[in-house]
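What follows is each chain in one-letter form.
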Amino acid sequence: MIYTASLTLLSLLGSAILAVSGLGSRLAVLHLAFAVGIVPLIFAAMSHFVPVLTRTGDPGRWIGRLPAVAQLAGLGVVGALQGLLPREVLPAAAAVDLILAAILLNWITGRARACIGSPHPGWRWYGAALGCLMLALLAVVLMALWPQHWHGLRLFHLHLNTIGLVGLAALGTLPVLLPTALAQPDPEASGWLRRRLWLVAGGAVVVATGSAILWPFAVPGAALVLVAALGLVGQWVRRFGIRLLLSDGVSASLLAAVAGLILALATGVAHGAGLMPGRPGLLAWGAGFLLPLVTGALSQLLPVWRWPGAQMPARAEMRRRLAATGNWRGALFFSAAVAVISGFDWLAAMLLAGAMLLFIGGLLQAVRVSRSTR
């Protein structure tokens, strides 16, 4: 887990530096963050949460190795897109990730069947997220077979990854992760997850299909995901209150991530209507949703992954240091998303740099915490 998280952070940081400096192919830089960083991290997070959701034992050795194999496949994708490797590597790497996603999906469903009693409904969100990823990867394979449909398949691939895989995995985890961060239960979380899965999963598929065929068909899908995200924020505010949500660095980051998702959905619709180009919307998705989501989640999870088992002072101290600037990070990330949509790329870059420096500073302090901390 620590190894995967470390490489994810390095890939995100490298992608940001390359994007700002203008070095490297845009697609290669994007996939450095996504294929090398985000997909393996989602695999690792699923292998962590599924045993909890299904009340089963720790994942086996082979499941634990899936994120590392996915990172190797992701490096192949980056190399092919950058021209360092033959173009044929691209569909081959996608096929490898497709197999890995199928293995993980089979493991998750097996754990759900092995659960004594009813498993937590969050596991179904992970299954739906992996289903979206598999369809997105299949689209890459089909691009090589049907190059005449490259544009539509590319849009299908893009939206199933951003809204399908990441959106479903995030919204399936946040109703559990945020109350855990606040150390307060949310009795409504399970009910929300049961009711809203079809909204987000259906919305993701409709957005991806509509984007590939005709953009007005994507608008109802975006509306479905938007309703679910707004409902989750409303539930949190009713349950915990805005003051408590903003008082903790982890919960503030996660709240900012959902706000960033809502903003990205709105900009996506505006792009489809021809009111703005697609690049700002994609950058806003990364800055306003992905980065606060990853940094906020890792602030809560890294201490647990470093010291699994019973609570200990060292874990609490590590979590405190990681979460210390979470409020500011969330605000800076969301502000960066607004800035890039408004056309102020230089301001967005400064805000992103400030947020990442805050997280890196907290991370450097956190890794210095020793087990003997009192």
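Above this text is the structure in question.
Our subject in this report is the structure included herewith. (Residues numbered from 1 in each chain as written. Predicted model: local features only at pLDDT ≥ 70, side-chain atom pairs only at ≥ 80, totals over all residues. Heavy atoms only, no water.)

All right, on to the overall build of the protein chain then. Looking only at helices and strands, the protein chain features 14 helices and zero strands. Of the regular secondary structure in the protein chain, the N- to C-terminal order runs α-α-α-α-α-α-α-α-α-α-α-α-α-α. Its C-alpha radius of gyration of 19 Å places the protein chain within 12% of the 21 Å reference for a compact globule of 374 residues. Oriented by its inertia axes, the alpha-carbon framework of the protein chain measures out at about 60 × 50 × 40 Å. Looking at the protein chain as a whole, 52% of its 374 residues qualify as buried. If you sum the accessible surface of the protein chain, you get close to 16400 Å²; carbon and sulfur atoms cover 70% of it. For the protein chain, the separation between the mean place of its 25 positive charges and that of its 8 negative charges on side chains is 5 Å. (Helix = DSSP H or I, 4+ residues; strand = E, 2+ residues; numbered from the N terminus. Rg over C-alpha atoms; globule rule 2.2 N^0.38 Å. Buried < 20%, exposed > 50% of the residue type's maximum accessible area, 1.4 Å probe, protein only. Areas by Shrake-Rupley, 256 points an atom, 1.4 Å probe, with all protein chains shown as cover. Lys, Arg positive; Asp, Glu negative; His and termini not counted. Charge placed at Lys NZ, Arg CZ, Asp CG, Glu CD.)

As a rule of thumb, soluble globular proteins bury nonpolar side chains together. Membership of the largest hydrophobic core comes to 111 residues, with the highest contact counts inside it found for Phe43, Met46, Leu104, Ile108, Val166, Trp236 and Leu298. Grouped together as the second largest cluster of nonpolar side chains are nine residues, Leu263, Ala336, Ala348 and Leu351 included. (Core = buried A, V, L, I, M, F, W, Y, C linked by side-chain atoms within 4.5 Å.)

Along the chain, Ala114 turns up in helix H4 (residues 89-114). For Ala114, a relative accessible area of 52% corresponds to the exposed category. Sequence separation of Ala114 and Ser11 is 103 residues, and the distance between their C-alpha atoms is 36 Å.

Bringing helix H10 (residues 249-272) into the picture now. The terminal C-alpha atoms of H10 lie 35 Å apart, and with 24 residues this matches the ideal 34 Å at 1.5 Å per residue to within 8%. With 18 of 24 residues buried, H10 is to be regarded as a mostly interior element. Sitting at the amino-terminal end of H10 is Asp248, which places a side-chain oxygen 3.0 Å from the backbone nitrogen of Val250. (Expected span 1.5 Å × (residues − 1). Polar contact = N/O pair within 3.5 Å; in protein donor to acceptor, adjacent residues only side chain to side chain.)

For the rest of this paragraph, the subject is the packing of helix H5 (residues 122-145) against helix H6 (residues 150-182). It is the contact of H5 with H6, at a shortest axis distance of 8 Å, that shows an interaxial angle of 165°. As judged from the angle between their axes, H5 and H6 are roughly antiparallel. As H5 packs across H6, the resulting crossing turns out to be left-handed. Counted by class, the contact of H5 with H6 contains 21 nonpolar, six polar and one charged residues. (Axes fitted to C-alpha atoms, helices over the stretch in contact; angles between N-to-C directions. Parallel < 35°, antiparallel > 145°, perpendicular 65-115°, else oblique. Left-handed = near helix turned anticlockwise from the far one by under 90°. Nonpolar A, V, L, I, M, F, W, Y, C, P; charged D, E, K, R; others polar.)

This paragraph deals with the environment of Gly74. For Gly74, the position within the fold is in helix H3 (residues 61-82). Considered as a pair, Gly74 and Ile38 are 36 residues apart in the sequence and their alpha carbons are 10.0 Å apart.

Next up on the list: the pattern of salt bridges. For the structure shown, the criterion picks out four salt bridges. With a shortest N-O distance of 2.7 Å, Glu317 and Arg320 are connected by a salt bridge. One end of the pair is Glu317 and the other is Arg320, both in helix H12 (residues 313-323) and three residues apart, which spans about a single turn. Using a relative accessible area of 47% as the deciding quantity, one classes Arg320 as partly exposed. (Salt bridge = Lys/Arg side-chain N within 4 Å of Asp/Glu carboxyl O.)

The geometry of an aromatic ring pair comes down to the distance between the two centres and the angle between the two planes. Within this structure, the stated rule accounts for two aromatic pairs. Summarising the aromatic geometry, the rings of Trp125 and Trp192 are spaced 5.5 Å apart at their centres and angled 15° between planes, so their arrangement reads as stacked. Of this pair, Trp125 sits in helix H5 while Trp192 sits in helix H7 (residues 189-213), and the two are 67 residues apart along the sequence. Between Arg65 and the ring centre of Trp62, over which it is positioned, the NZ or CZ distance is 5.1 Å. (Phe/Tyr/Trp six-rings, centres within 6.5 Å; stacked < 30°, edge-to-face > 60°. Lys NZ or Arg CZ within 6 Å of the ring centre and 35° of its normal.)

Another aspect to go through is the packing of H6 against H10. Viewed as axis vectors pointing N to C, H6 and H10 meet at an angle of 150°, and their least axial separation amounts to 10 Å. Put simply, H6 runs roughly antiparallel to H10. In the packing of H6 onto H10, the handedness of the crossing is left-handed. Contacts from Ile163, Leu171, Leu174, Leu177, Leu178, Ala181 and Leu182 of H6 reach H10 at Val250, Ser251, Leu254, Val258, Leu261 and Leu265. Of the residues that constitute the contact of H6 with H10, the class distribution is twelve nonpolar, one polar and no charged. (Contact = heavy atoms within 4.5 Å.)

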